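Residues per chain are reported as follows:
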Amino acid sequence: MALIGQEVSTDPWIDIPGEVIDVLRSWRPTPLVRAERLEAALGTPARIYFKDESVSPAGSHKPNTAVPQAFYNKVEGISRLSTETGAGQWGSSLAYACSRFDLECKVYMVRASFEQKPYRRMMMEVWGGSVEPSPVDDPSHPGSLGSAISDAVRDAVSRADTHYSLGSVLNHVLLHQTVIGLEAKEQLAMAGESGPNLVVASCGGGSNFGGISLPFVPDAGVDILAVEPSSCPTLTEGRFDYDFGDTVGLTPLLPMYTLGHEFVPPSIHAGGLRYHGDAPIVSNLVQAGRVRAVAYPQRKVFDAAVQFARTQGTIPAPETSHAIRAVIDEALAAKESGEEKVILFCYSGHGLLDLAAYDDYLHGRLIEV
Ligand SMILES: *Cc1c(COP(=O)(O)O)cnc(C)c1O
């Protein structure tokens, strides 16, 4: 009920419970890093900063909402959470959060990833979660995020001790993620910047994007850019309409940019960006013209990822690399125009469990979609 209250709240601020802060503080505040070596390699006058969300236990921004979701469910007497996961980033984040609050965690994992990407399944199991390939009723189907949501919702409605938990898209999830942008605002000020001119993040369901950018929406003169894959171009080519969040049609209808709830995106390496819809809040801001969106094919994204790794040193997640691609292009445009702009982006996660994707890229096996 607390989460539903947050979903429909019109309050400008909602307090973070102390029990949640006690968990978040084990990796927050996350570092704000200036990408000086990338700037130098590009020869840009732009100053590039990123918020490093890869330092969380699960290696991405997702625990920022997994932790409060587990907490509020625990307080209301729920003992088990069900959810879906694509490549495993959300499932591993929720498994971690459930372990912190002694909840059981049941994860329906898209079958193709379950079979091909065992390491995140192992992480979930290490934290005590149990993982089942989806769709459960069709062992020959590779699965999709939409059908895994259907399996997780069916599980939750069939048991009194279980609630369903969603890792992106919904208002309360974006609310929890605003901790990223709120911290970044203070850290930029500490770095002597009056604020960003441009905020960039990758956009799957919209939670890391909303998390870093929503606190800057009221600020005049801040350009905000969402980056998505060309193979799943929800904001750039979808239609604005009411649609279901899952394939089967069990969720409430949401007003959003959508490619249709039966759209199954091609299998690209940025599994976290393969979602047919987008957060209603983000969709609204795009429709209103406050937020821009751009789409990139995955080869260009990996070009940027490798350039980042070879300058900054860390290896970004393929999802994160979409933001990096756009940041590099914007920084090169600033070089052309001689603008000294401040660019802030969300380093949403590390790519240390995505090395097979880098291997495909480096050895000419990446499919261009
Ligand atoms: C899940 C994920 C994303 C995309 O999800 P959003 O809800 O759009 O933030 C981006 N980056 C990483 C590293 C992820 O794990």
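Residues numbered from 1 in each chain as written. Predicted model: local features only at pLDDT ≥ 70, side-chain atom pairs only at ≥ 80, totals over all residues.

### A look at the overall build of the protein chain
Step number 1: For the protein chain, the count of helices and strands is 15 helices and 12 strands.
Step number 2: Its C-alpha radius of gyration of 19 Å places the protein chain within 12% of the 21 Å reference for a compact globule of 369 residues.
Step number 3: Counting across all 369 residues of the protein chain, residues that qualify as buried make up 54%. (Helix = DSSP H or I, 4+ residues; strand = E, 2+ residues; numbered from the N terminus. Rg over C-alpha atoms; globule rule 2.2 N^0.38 Å. Buried ≥ 20, exposed ≤ 12 C-beta atoms within 10 Å, placed from the backbone.)

### Thoughts on the site of the ligand
Step number 1: Every one of the 19 residues lining the ligand counts as a neighbour, but Ser 168, Gly 204, Gly 272, Glu 319 and Gly 349 are closest to it.
Step number 2: Mapped by element, the contributors of at least two residues to the shell around the ligand are α10 (207-213) and α14 (318-337).
Step number 3: No other element matches the three residues that α10 contributes to the shell around the ligand.
Step number 4: Looking at the shell around the ligand, its residues break down into four nonpolar, 13 polar and two charged. (Near = placed C-beta within 6 Å. Nonpolar A, V, L, I, M, F, W, Y, C, P; charged D, E, K, R; others polar.)

### Digging into helix α7 (residues 118-126)
Step number 1: What α7 keeps buried is the set Arg 120, Arg 121, Met 123 and Met 124. Take α7 and look down its axis: the buried residues cluster within an arc of 155°, on one side only. Among the exposed residues of α7, those oriented more than 90 degrees off its buried face are Pro 118 and Val 126.
Step number 2: Taken together, the buried residues of α7 touch α5 (89-100), β4 (104-110), α6 (111-116) and β5 (130-134).
Step number 3: Count one or two residues on from α7 and you reach Gly 128, which has phi positive near 95°. (Arc of directions from axis to C-beta. Contact = placed C-beta atoms within 7 Å.)

### Quick look at α14
Step number 1: Helix length check: α14, at 20 residues, gives a terminal C-alpha distance of 29 Å against a target of 28 Å (1.5 Å per residue), a fit within 8%.
Step number 2: For α14, the buried fraction is high: 14 of the 20 residues fall into the buried class. (Expected span 1.5 Å × (residues − 1).)

### As for the domain arrangement of the protein chain
Step number 1: Split by domain assignment, the protein chain resolves into domain 1 (2-60 + 170-362) and domain 2 (63-164).
Step number 2: Relative placement of domain 1 and domain 2: their C-alpha centres are 23 Å apart.
Step number 3: In terms of residue count, helix α9 (residues 171-190) provides more of the side of domain 1 that touches domain 2 than any other element does, five residues in total.
Step number 4: Of the residues assigned to the side of domain 1 that touches domain 2, the class counts are 16 nonpolar, 15 polar and three charged. (Domains from an automatic or database assignment.)

### So, unusual backbone geometry
Step number 1: Here Arg 28 and Pro 29 are connected by a cis peptide whose omega angle stands at -5°.
Step number 2: Topologically, Pro 29 is positioned in the loop between α2 (18-24) and β1 (32-34).
Step number 3: A positive phi angle, close to 50°, is found at Asp 102, a residue other than glycine.
Step number 4: The topology assignment puts Asp 102 in the loop between α5 and β4.
Step number 5: Look at Asp 102 and you get exposed, because 10 C-beta atoms sit within 10 Å.
Step number 6: Although it is not a glycine, Val 169 sits at a positive phi angle of roughly 70°.
Step number 7: Along the chain, Val 169 turns up in the loop between β6 (162-164) and α9.

### Re the nonpolar core
Soluble globular proteins: nonpolar side chains tend toward being buried together.
Step number 1: One finds Val 200, Ala 226, Val 327, Ile 343 and Phe 345 to be the most contacted residues of the largest nonpolar core, which totals 61 residues.
Step number 2: The next biggest cluster of nonpolar side chains, apart from the first, holds 38 residues, and it includes Val 131, Leu 145, Ala 148 and Ile 268. (Core = buried A, V, L, I, M, F, W, Y, C linked by C-beta atoms within 7 Å.)

### Description of the sheet that holds β6
Step number 1: Here we have four strands laid out as an open sheet, ordered β5-β4-β3-β6, and parallel in their pairing. Looking at the sheet topology across the chains shown, the edges are occupied by β5 and β6. Put simply, the sheet's adjacent strands are angled 25° from each other on average, direction ignored.
Step number 2: With five bridges connecting them, β4 and β5 associate as parallel partners. Following the sheet pairing, Val 110 is matched in β5 by Ser 134. (Pairing = 2+ DSSP bridges. Axes fitted to C-alpha atoms, helices over the stretch in contact; angles between N-to-C directions.)

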